[in-house]
Amino acid sequence: MTLESKVPSGPIADKWDNHRFQMKLVNPANKRKYSAIIVGTGLAGASAAASMAELGYNVKAFCYQDTPRRAHSIAAQGGINAAKNYQNDGDSIYRLFYDTVKGGDFRSREANVYRLAQVSTAIIDQCVAQGVPFAREYGGTLANRSFGGAQVSRTFYARGQTGQQLLLGAYSALCRQIAAGKVAMYPRTEMLDLVVVDNRARGIVVRDMVTGEISSHSADAVILATGGYGNVFYLSTNAKGCNVTAAYRAYKKGAFFANPCFTQIHPTCIPQSGDYQSKLTLMSESLRNDGRIWVPKKKDDNRHPNDIPEEERDYYLERKYPSFGNLAPRDISSRSAKEVVDEGRGIGPTGVGVYLDFRDAINRLGKDAIRDRYGNLFQMYERITGEDPYEVPMRIYPASHYTMGGLWVDYNLESTIPGLFVLGEANFSDHGANRLGASALMQGLADGYFVIPYTIGDYFARAGNSDVDASHKEFANVEKEVEERTRKYLSINGKRTPDSFHRELGKIMWEHCGMNRNEQGLKKALEKIPALREEFWENLLVLGNDKNLNQTLELAGRVADFLEFAEIMIYDALTREESCGAHFREEYQTEEGEAKRDDENFSFVSAWEFTGVGKKPNLHKESLEFENVQLATRSYK
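What counts, and at which threshold
- Residues numbered from 1 in each chain as written.
- Predicted model: local features only at pLDDT ≥ 70, side-chain atom pairs only at ≥ 80, totals over all residues.
- Heavy atoms only, no water.
- Helix = DSSP H or I, 4+ residues; strand = E, 2+ residues; numbered from the N terminus.
- Rg over C-alpha atoms; globule rule 2.2 N^0.38 Å.
- Buried < 20%, exposed > 50% of the residue type's maximum accessible area, 1.4 Å probe, protein only.
- Contact = heavy atoms within 4.5 Å.
- Areas by Shrake-Rupley, 256 points an atom, 1.4 Å probe, with all protein chains shown as cover.
- Lys, Arg positive; Asp, Glu negative; His and termini not counted.
- Charge placed at Lys NZ, Arg CZ, Asp CG, Glu CD.
- Pairing = 2+ DSSP bridges.
- Axes fitted to C-alpha atoms, helices over the stretch in contact; angles between N-to-C directions.
- Parallel < 35°, antiparallel > 145°, perpendicular 65-115°, else oblique.
- Left-handed = near helix turned anticlockwise from the far one by under 90°.
- Nonpolar A, V, L, I, M, F, W, Y, C, P; charged D, E, K, R; others polar.
- Domains from an automatic or database assignment.
- Buried area = accessible area lost by both parts, 1.4 Å probe.
- Salt bridge = Lys/Arg side-chain N within 4 Å of Asp/Glu carboxyl O.
- Polar contact = N/O pair within 3.5 Å; in protein donor to acceptor, adjacent residues only side chain to side chain.
- Core = buried A, V, L, I, M, F, W, Y, C linked by side-chain atoms within 4.5 Å.
- Phe/Tyr/Trp six-rings, centres within 6.5 Å; stacked < 30°, edge-to-face > 60°.

(A) Main features of the overall build of the protein chain. Counting its secondary structure elements, the protein chain contains 16 helices and 19 strands. Against the compact-globule benchmark of 26 Å for 637 residues, the protein chain has a radius of gyration of 24 Å, which places it among compact chains. For the protein chain, the spread of C-alpha atoms along the three principal axes comes to 75 × 60 × 50 Å. The buried share of the protein chain, taken over its 637 residues, is 61%. Long-range pairs, those at least 24 residues apart, make up 74% of the contacts in the protein chain between residues at least 6 apart in sequence. Counting every atom, the protein chain has about 23900 Å² of accessible surface; 45% of that belongs to carbon and sulfur. Taking the 78 positively charged and 82 negatively charged side chains of the protein chain as two groups, their mean positions are separated by 3 Å.

(B) Region of interest: the sheet that holds strand β14 (residues 354-357). Taken in spatial order, the 5 strands line up as β11-β15-β14-β12-β13 in an open sheet, and their pairing is antiparallel. Only two strands of the sheet have a single partner each, and these edge strands are β11 (263-269) and β13 (313-314). Where helix α8 (residues 330-345) meets the sheet, it contacts β11, β12 (292-296), β13, β14 and β15 (394-403), and its direction lies at approximately 65 degrees from that of β11.

(C) The arrangement of the packing of helix α2 (residues 43-55) against helix α11 (residues 440-463) in detail. One can describe the packing of α2 onto α11 by two numbers: an axis separation of 8 Å at closest approach and a directional angle of 30 degrees. Judged by the angle between their axes, α2 and α11 are roughly parallel. Crossing geometry of α2 relative to α11 is assigned as right-handed. Seen from α2, the contacting residues are Leu-43, Ala-44, Ser-47, Ala-48, Ser-51, Met-52 and Leu-55; seen from α11, they are Leu-441, Gly-444, Leu-445, Gly-448, Tyr-449, Ile-452, Pro-453 and Ile-456. Across the contact of α2 with α11, the residue classes break down as 11 nonpolar, 4 polar and no charged.

(D) Just the domain arrangement of the protein chain, in detail. Each domain of the protein chain was delimited in the assignment, giving domain 1 (12-25 + 33-264 + 402-463), domain 2 (267-401) and domain 3 (473-598). Domain 1 and domain 2 are separated by 31 Å when their C-alpha centres are compared. Of the residues lining the interface, 28 residues belong to domain 1; the matching set on domain 2 comes to 31 residues. Summed over both sides, the interface of domain 1 with domain 2 buries roughly 2500 Å², with 50% coming from carbon and sulfur. Together, Gln-77, Leu-235 and Thr-237 form the three largest contributors to the area buried by domain 1 at its contact with domain 2, with a combined 26%. The interface formed by domain 1 and domain 2 includes 0 salt bridges. The tally of links between domain 1 and domain 2 comes to 19 residue pairs in polar contact (both at pLDDT 80 or more). By residue class, the composition of the side of domain 1 that touches domain 2 is 8 nonpolar, 15 polar and 5 charged.

(E) Summary view of the nonpolar core. Within the largest apolar cluster, 138 residues are counted, with the highest numbers of intra-cluster contacts made by Ile-80, Leu-194 and Met-509. When residues of this core are assigned to their parent elements, the largest contribution, 14 residues, is made by helix α15 (residues 551-575). Split by domain, this core shows at least three residues from each of two domains, domain 1 (12-25 + 33-264 + 402-463) and domain 3 (473-598). The contacts of Ile-80, once residues within four sequence positions are left out, are Ile-123, Ile-124, Phe-134, Arg-154, Thr-155, Phe-156, Thr-162, Leu-166, Ala-438, Leu-441, Met-442 and Leu-445.

(F) Fine view of α8. Every buried residue belonging to α8 is among Arg-330, Asp-331, Ile-332, Ser-333, Ser-334, Arg-335, Ser-336, Ala-337, Val-340, Val-341 and Arg-345, and all of these are buried. Contacts from the buried residues of α8 go to β11, β12, β13, α7 (316-320), β14 and β15.

(G) Just the pattern of salt bridges, in detail. Summed over all chains, the structure comprises 52 salt bridges. Two residues, Arg-154 and Asp-99, come together in a salt bridge whose shortest N-O distance is 3.0 Å. With Arg-154 in the loop between α4 (110-130) and β4 (155-156) and Asp-99 in helix α3 (residues 93-103), this pair connects stretches of sequence that are 55 residues apart. Residue Asp-193 pairs with Arg-485 through a salt bridge whose shortest N-O separation is 3.8 Å. Note that Asp-193 is positioned in strand β6 (residues 189-197) and Arg-485 in helix α12 (residues 473-491), a separation of 292 residues in sequence. Taken together, the salt bridges that share partners define one network made up of Asp-105, Arg-107, Asp-331, Arg-335, Arg-576, Glu-578, Arg-597, Asp-599 and Arg-634.

(H) Region of interest: the pairing of strand β1 (residues 35-39). For β1, the tally of buried residues reaches 4 of 5 residues, placing the bulk of the element in the interior. Sheet topology places β1 next to strand β2 (residues 58-62); 5 bridges connect them, and they run parallel. When the sheet's bridge partners are listed, Val-39 is paired in β2 with Phe-62. Of the pairings in the sheet, the one linking β1 to strand β9 (residues 221-224) comprises 4 bridges and is parallel in character. By the bridge assignment for β9, Ala-36 is matched with Ala-221.

(I) Structural view of the packing of aromatic side chains. Per the stated rule, a full pass over the model turns up 32 aromatic pairs. Ring geometry for Phe-233 and Trp-510: centres 6.0 Å apart, planes at 90 degrees, overall edge-to-face. Pair noted here: Phe-233 is in the loop between β9 and α6 (245-252) and Trp-510 is in helix α13 (residues 498-513), with a separation of 277 residues, a long-range link. Ring plane angle 55 degrees and centroid distance 5.8 Å describe the contact between Phe-358 and Tyr-374, whose orientation is recorded as tilted. Of this pair, Phe-358 sits in the loop between β14 and α9 (359-365) while Tyr-374 sits in helix α10 (residues 367-385), placing them 16 residues apart in sequence. By the burial criterion, Phe-358 is buried, and Tyr-374 matches it. Pairwise contacts between aromatic rings join Tyr-229, Tyr-248, Tyr-251, Phe-257, Phe-565 and Phe-610 into one cluster.

(J) Geometry of unusual backbone geometry. Here Asn-199, not a glycine, exhibits a phi torsion of approximately 60 degrees, which is positive. Relative to the helices and strands, Asn-199 resides in the loop between β6 and β7 (200-208). Given the relative accessible area of 53%, Asn-199 is considered exposed. Phi at Ala-438 takes a positive value of approximately 70 degrees, unusual for a residue other than glycine. Counting through the fold element by element, Ala-438 comes out in the loop between β17 (420-422) and α11. The exposure class of Ala-438 is buried, given its relative accessible area of 6%.

(K) Examining the environment of Arg-115 more closely. Following the sequence through the fold, Arg-115 ends up in helix α4. A residue is classified by how much of its surface remains accessible, and Arg-115, at 3% relative accessible area, is buried. Measuring from C-alpha to C-alpha, the distance between Arg-115 and Asp-17 comes to 9.4 Å, with 98 residues separating the pair along the chain. Ignoring sequence-local partners within four residues, the contact set of Arg-115 consists of Trp-16, Tyr-411, Leu-413 and Val-451.

Have a look at this one:
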């Protein structure tokens, strides 16, 4: 199969405008004849559902939470990027485009990134109109702050609750459409498979998580907005419910999975305190605006941080990257933290951590100013650790956070399965090998509010209504597969919980496919994962039944998918014999220890095709052409 990106011709600044004009339209009166299923109601899914319903389409929206308000988008803290240039500090659409391509280490599709930068300005206007309470300057104008990988202030924020406030805006728009009868909302409902008939996505099979009922839903198109797969590492900043199931089941039905090894490690997470933990807590990257990151210059220096004098502190990011300092991109900041910890200069009870210190900012600006900017984040940190960050530096360390990889999509956000569209973190399209901070919210809302309403209309106009509904035999076949898989989890009656398998898989992935990778470790992981998966199917224990709420059963299905999906990540990391962004192969680095790309051989998107469980998938390549940004060694010094 040939990958067709469907990128429009012409100058990059005109591509999206020209494409919108050339796309076929659906008459307003005819929109009510078309239906779409949207899986996931975070920022991407909720904004898409609200926008499409507002246009007149009939929408069914599904989420496994009890309300869309609980989507993991609420966890985004620091802000959302937009090229408004309110600070008059040199920002522009092109600069946001350039920073994003460079930040992703030149492994993203130019046209998609430029479109993202273009529509970013409209997102802010949309959200302000919805009443999102962005921070404002004293005179009433919207405030901005800086984020990693940029030398301008383009990040709009609502203290440390930006994701939550943006989701409430999208949720209010969604609720309006639910009340109008244009959106049918299905909470506590998990998608367990995709139904494809005659090479077209026709619907999904779901399980009611309260009653256990398995049912089918058909539509003219299916949209997945189900987030990322960072929980493959077990310990991550993601909510415990975040999983790969919807995307992975679509992959098994023919949707290619792109760049799965591109997983982001976030540098500012509260360090793990023990093996009992089930997840980690993120501290916003916005804290790096005023916080300074350091470790002692001497190894095994266990003094209280306030007792270590200035001359004995190593502000290593400021030393290594003077142009960007503490706002160096996430991948670089994370590896630098690991480097000083590996040298024996880590801090805290475990020795695995670095300091994020606000002493100088408090002395310069005053405690009240810092409280206004970060008060709720400081409060959250103190509640978790018992330490007051106004008096003692925060302890942070990198952790699994975001996934740049996802289902492959073309310029229209359509996967390799016609009629299956993928939005937000669930697709691969915009961030390359590393996502800049505050760009996840930007992409989710761009896809939902300003891209999919156009592109799906073109699809409907060209493909017409689906002539298949839930009475088709293929829906019954898929339902039977889902039921058999569910019964299998319950019938094994072994001795290990799904959580224990998940924890063991996470340790394998973190050790061999985490911040650093090498050929030997990746091959070792390829030996360990199949053995763990075999034990899972022989020794799994799921108590209870499938006729009511059973969270252990839910987890079993998600862990089963992680145990298969993890191999694709390993194959992808093995195949990419270079270092780029968050993918750091130890064999491919510069003398200074920086990532060393191989543009001649690896300037492509890797798109993997399913060939069977336990079998190496087929690799398809989408060549990346850089006509507007000159390929260069990424430097933040």
